[in-house]
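Chain and residue survey
Here's the letter readout for the chains.
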Amino acid sequence: MASMAWGCITDFFTYETTKSVVVKSWSVGIINRIVQLLIITYFVGWVFVYEKAYQVTDTGVESSVMTKVKGFGHHNNRVMDVADYVYPPQGTGVFCIMTRVVVTENQRQGKCAETARMYKCGTDEDCKKHFGAILGNGIITGVCLDAVNGSMGHCEIVGWCPAENDEVKIKPMLDVENFTIFIKNSIRFPLFNVTRGNFPTSMTSTQIRSCSYHPEKSPFCPIFRVGDILSYTGQTVAGLAEKGGEIGINIQWKCNLDQNVDYCIPKYSFTRLDLPFAKNAVSKGYNFRYAKYFKTEDGTEFRTLHKAYAIRFDVMVTGNAGKFNTIPTLINLVAAFTSIGLGTVLCDVILLNFMKGAEQYKAKKFEEVSEAQIEAQIASQAQSPASQMSIKEGIKSSYDSGTISLSADQPL
């Protein structure tokens, strides 16, 4: 019983290693080293240098955006200032600069003729087909107005009258090109408690007023000329002013906090967000409606309706910050060392399936030992303890490592 227990203990405290077969083949050796070199290059160049996988990353950027627009323009015989053409007026990260406005004045609740072409009629039956329609300027009553002697009339509506006519020709405000947008952006990476602003604190108010953003000459200026923003997206004011459009201003923060925090700076990019719909016949551009309400002395309510075509600006803030951390470094180092073994796997596949002498390589790499063979070998060693397994000339065997070396000129 004691001997069995001692045998179990000695068996437990043993070390087992795999049998190695050294194949001296130029082709397989070159493939093995190339694969290992590619894996090392990938981890060093891409994973560690480019992706900075040795860092812990904070992508939950907290951001605040404030905007201001400056400039004067002429539209429909009026001088327009910021209060006239910017909506909403709060200075948020999403705002519109109106380029063309269709104004319908003195609207009151009542009945009048619809102005849209689709509501032309010859009889009342033509109007009754539009019961429940939501694309007009009011609720269809089913009455056809002004249809005389076969001429086409218009369906009657109940709502704000007179109805809006957005087909009138109004020249857009092209002065928008010289308007400027001031963007104030502050961000914080909560994981590292790092706070940054989109322009240096050393920049004076005089410098800010006199600068204009340029990606190379003045990359930290927070003043953006509208015409320049549109040119960066391949657009023009003349092309967008008639129907409107949507422009994205992306502020990207990509910070390596292993370096000085002063190198954590924003990069601006610009794009036209509604470009997939630019060629559509329906819902082209960007427009919205708003109204100003008034009351007469007798309490009757009336309003002035505005249908505004505008360039909408969306200021979007994205970013991440990274800093060295031991845990991701160790994880990626282990992954790198493990992946280097893929070269051995690939070479084994080639040797076992595609190389000449694959069967001989299999015989050297894999050994099948049965209990009968073990018992016969034990009996043979008992009769002749000095006997050893014969080794072919040209094959070297190491008793302590279990490695067999096959020379290139020695058959497998």
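Up top is the structure.
Reading guide: rules and limits
- Residues numbered from 1 in each chain as written.
- Predicted model: local features only at pLDDT ≥ 70, side-chain atom pairs only at ≥ 80, totals over all residues.
- Heavy atoms only, no water.
- Salt bridge = Lys/Arg side-chain N within 4 Å of Asp/Glu carboxyl O.
- Helix = DSSP H or I, 4+ residues; strand = E, 2+ residues; numbered from the N terminus.
- Buried < 20%, exposed > 50% of the residue type's maximum accessible area, 1.4 Å probe, protein only.
- Core = buried A, V, L, I, M, F, W, Y, C linked by side-chain atoms within 4.5 Å.
- Contact = heavy atoms within 4.5 Å.
- Patch = residues over 30% accessible without salt bridge, like charges linked within 9 Å, V, L, I, M, F, W, Y side chains within 5 Å.
- Areas by Shrake-Rupley, 256 points an atom, 1.4 Å probe, with all protein chains shown as cover.
- Phe/Tyr/Trp six-rings, centres within 6.5 Å; stacked < 30°, edge-to-face > 60°.

**Things to note about the pattern of salt bridges**
Scanning the entire structure with this criterion turns up twelve salt bridges. A salt bridge links Arg 196 to Asp 262, with the nearest nitrogen and oxygen atoms 4.0 Å apart. Separated by 66 residues along the polypeptide, Arg 196 in strand S12 (residues 194–197) and Asp 262 in the loop between strand S14 (245–256) and strand S15 (266–272) bring together distant segments of the chain. Take Asp 262: its relative accessible area is 51%, and that puts it in the exposed class. Ionic pairing is found between Asp 228 and Arg 225, a salt bridge with its closest N-O pair at 3.0 Å. The exposure class of Asp 228 is partly exposed, given its relative accessible area of 22%. Judged by its relative accessible area of 25%, Arg 225 falls in the partly exposed class. Here the salt bridges share partners, and the residues they tie into one network are Glu 177, Arg 225 and Asp 228.

**Here we look at the nonpolar core**
If you look at the biggest cluster of nonpolar residues, it comprises 43 residues, and the most contacted ones within it are Tyr 85, Ile 97, Ile 181 and Phe 313. Looking at this core, the elements that each hand over two or more residues are strand S7 (94–113), strand S11 (180–189), helix H6 (226–232), helix H7 (237–241), S14, S15, strand S16 (287–295) and strand S17 (301–324). By residue number, the principal contributor to this core is S17, which donates six residues. Ignoring any residue separated from it by four or fewer positions in sequence, one finds Ile 97 in contact with Val 69, Tyr 85, Val 176, Phe 179, Ile 181, Val 226, Ala 310, Ile 311 and Phe 313. By size, the runner-up hydrophobic cluster in this structure holds ten residues, among which are Cys 112, Ile 140, Cys 144 and Cys 155.

**Here we look at a nonpolar patch on the surface**
Together, Trp 6, Ile 9, Phe 12 and Phe 13 line one region of the surface with nonpolar side chains, adding up to about 560 Å² of accessible area. Residue placement: Phe 13 occurs in the loop between helix H1 (2–12) and strand S1 (20–23).

**A few points about the packing of aromatic side chains**
Counted according to the given criterion, the structure contains 19 aromatic pairs. Arranged with centres 4.6 Å apart and planes meeting at 15°, the rings of Tyr 85 and Phe 179 form a pair that is stacked. Taken together, the residues Tyr 85 in helix H3 (residues 82–85) and Phe 179 in the loop between strand S10 (153–161) and S11 connect sequence positions 94 residues apart. For the residue pair Tyr 85 and Phe 179, the accessibility class agrees, reading buried in each case. With centroids separated by 5.4 Å and ring planes inclined at 20°, the aromatic side chains of Phe 95 and Phe 313 adopt a geometry described as stacked. One end of the pair, Phe 95, is in strand S7; the other, Phe 313, is in strand S17, with 218 residues separating them in the sequence.

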